[in-house]
Amino acid sequence: MNGTMAYLLAAVGCLVGVAGVVVAAVALRRSRSRPQQPAKGPGDPLRDRDADALRGDPRRLAPGDIVEIRGVSYAVRGSIRLVEGGWSWAEHLLDDAGGMRRWLSVEEDPELELVLWGAEQGATVTPGAPTIELAGRRYDWKESGQARYTAVGNTGLDPAGTMRYHDYQAPGGARLSFEAYGEAGWEVALGELLHRGDVMIYPQAGAS
């Protein structure tokens, strides 16, 4: 009788041990298969947050906002967001009180870069050459590519599509750009690099 009881107790002990191993294995498998949350990277340590607070954040520009550039006030008529691979930037159509239209590009490369553009309607140059001379300056090729875009507000473009570009740069920071949206031909523009202090933003979007 004592032998039988000892045998039963040993068998129960073995079953409890096996069950414990199975539970531990299942728990380990679940912990390994649980998706890990991606870690959030640190913000840009060099970002001038004081300027953003005092002068407005160009990264948040939207149709309806007012932008003052070197004492001239513009209304943001429309905005284009462009993405090429892991890179993104924005272009905003500006309109002043006299009907003069300009474009403001906002890009982090990796620091914030603001360029004010004006269309060269009568330009006959085409992109592709290593250097181009226009308006008394010689521009060197910088980069080319194709991006996807989404447009909001009054830009004259479809809500979404593709854009090809060729960018050139002259000594001193002057810019020359060729852009073609969709099946349209090349648009030529000359750009001037702005200092952060040249730009003041008065957000209006969403205001009643």
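The rules behind each value
Residues numbered from 1 in each chain as written. Predicted model: local features only at pLDDT ≥ 70, side-chain atom pairs only at ≥ 80, totals over all residues. Heavy atoms only, no water. Salt bridge = Lys/Arg side-chain N within 4 Å of Asp/Glu carboxyl O. Buried < 20%, exposed > 50% of the residue type's maximum accessible area, 1.4 Å probe, protein only. Helix = DSSP H or I, 4+ residues; strand = E, 2+ residues; numbered from the N terminus. Phe/Tyr/Trp six-rings, centres within 6.5 Å; stacked < 30°, edge-to-face > 60°. Lys NZ or Arg CZ within 6 Å of the ring centre and 35° of its normal. Lys, Arg positive; Asp, Glu negative; His and termini not counted. Polar contact = N/O pair within 3.5 Å; in protein donor to acceptor, adjacent residues only side chain to side chain. Pairing = 2+ DSSP bridges. Core = buried A, V, L, I, M, F, W, Y, C linked by side-chain atoms within 4.5 Å. Contact = heavy atoms within 4.5 Å. pLDDT = per-residue confidence, 0-100.

J.: Looking at this structure, I do not really get the pattern of salt bridges. What am I missing?
T.: Pairing is possible between side chains that carry opposite charge, provided their charged atoms lie close to one another. Following the criterion strictly, the structure yields 8 salt bridges and no others. Note that Arg60 is salt-bridged to Asp57, the shortest N-O span being 3.8 Å. Classification of Arg60 as exposed rests on a relative accessible area of 69%. Here Arg70 makes a salt bridge to Glu192, at a shortest N to O gap of 2.6 Å. Within this pair, whereas Arg70 is found in the loop between β1 (66-69) and β2 (72-84), its partner Glu192 is found in strand β10 (residues 187-194), the two being separated by 122 residues in sequence.

J.: Honestly, the packing of aromatic side chains in this entry has me stumped. Any pointers?
T.: Remark: the centre distance and the inter-plane angle together describe each pair of aromatic rings, the angle taken between the planes. One pass over the full model with this rule turns up 3 aromatic pairs. With centroids separated by 5.9 Å and ring planes inclined at 80 degrees, the aromatic side chains of Trp89 and Tyr165 adopt a geometry described as edge-to-face. Here the residue Trp89 occupies a position in strand β3 (residues 87-96), and Tyr165 occupies one in strand β8 (residues 160-169), the gap between them amounting to 76 residues. Of the residues examined, Tyr165 reaches a relative accessible area of 8% and is grouped as buried. Residue placement shows Arg164 over the ring face of Trp186; its charged tip is 4.8 Å from the ring centre.

J.: In this structure, what is going on with the side chain of Asp167? I would like to understand it.
T.: Here Asp167 shows up in strand β8. Of the side chains with opposite charge, Lys142 lies nearest to the buried Asp167, which makes no salt bridge, at 6.4 Å. At a separation of 3.2 Å, a polar atom in the side chain of Asp167 contacts the side chain of Ser177.

J.: Which parts of the structure should I look at to understand the pairing of strand β9 (residues 175-181)?
T.: Within a regular beta strand, the side chains point alternately toward one face of the sheet and then the other, so they alternate between its two faces. By the criterion of burial, β9 is predominantly enclosed, with 7 of the 7 residues buried. Judged by which residues are buried, β9 turns out to be covered on both faces: Arg175, Ser177, Glu179 and Tyr181 on one side and Leu176, Phe178 and Ala180 on the other are all buried. Here β8 pairs with β9 via 7 bridges, running antiparallel. Opposite Asp167, over in β9, you have Ser177 as the bridge partner.

J.: What am I meant to see in the nonpolar core here?
T.: Where a protein is soluble and globular, its nonpolar side chains tend to be buried together. Core analysis: the largest hydrophobic core is formed by 13 residues, its most contacted members being Ile69, Leu94, Leu104, Leu194 and Val199. At the level of secondary structure, the elements contributing two or more residues to this core comprise β1, β2, β4 (101-108), β5 (112-119) and β11 (199-202). What Ile69 contacts, discounting residues up to four positions off in sequence, is Tyr74, Leu94, Leu104, Leu116, Leu194, Asp198 and Val199. Listed in part, the 10 residues of the second largest apolar core include Ile132, Tyr139, Tyr168 and Leu190.

J.: Quick question: what am I supposed to make of the confidence of the model for the protein here?
T.: Looking at the protein as a whole, the pLDDT averages 82, with 74% of positions reaching at least 70. Confidence over residues 4-12 falls short of pLDDT 50; this stretch has 0 contacts with residues more than four positions distant or in other chains. With pLDDT under 50 throughout, residues 14-43 is counted as low confidence; its partners more than four residues away or in other chains account for 0 contacts.

J.: Honestly, the environment of Tyr202 in this entry has me stumped. Any pointers?
T.: The topology assignment puts Tyr202 in strand β11. Given a relative accessible area of 36%, Tyr202 falls into the partly exposed group. Note: C-alpha distance between Tyr202 and Arg55 (147 residues apart in sequence) is 8.1 Å. Residues in contact with Tyr202, not counting those within four places in the same chain, are Asp65, Ile66 and Glu68.

J.: Help me out: how do you make sense of the environment of Pro159 in this one?
T.: Here Pro159 shows up in the loop between β7 (137-153) and β8. With relative accessibility at 61%, the residue Pro159 sits in the exposed group. A C-alpha to C-alpha distance of 8.2 Å links Pro159 and Tyr149, two positions 10 residues apart in sequence. For Pro159, the residues in contact, after removing those within four places along its chain, are Tyr149, Thr150 and Ala151.

J.: For this particular structure, what's the right way to read the pairing of strand β6 (residues 131-134)?
T.: The side-chain alternation of β6 yields one buried face, formed by Ile132 and Leu134, and one unburied face, formed by Thr131 and Glu133. Two elements, β6 and β7, share 4 bridges in a ladder whose sense is antiparallel. Looking at β7, one finds that Leu134 is bridged to Arg137. With antiparallel pairing between neighbouring strands as the criterion, β6 and β7 make up a hairpin whose turn holds 2 residues, including Ala135 at a positive phi of roughly 55 degrees.

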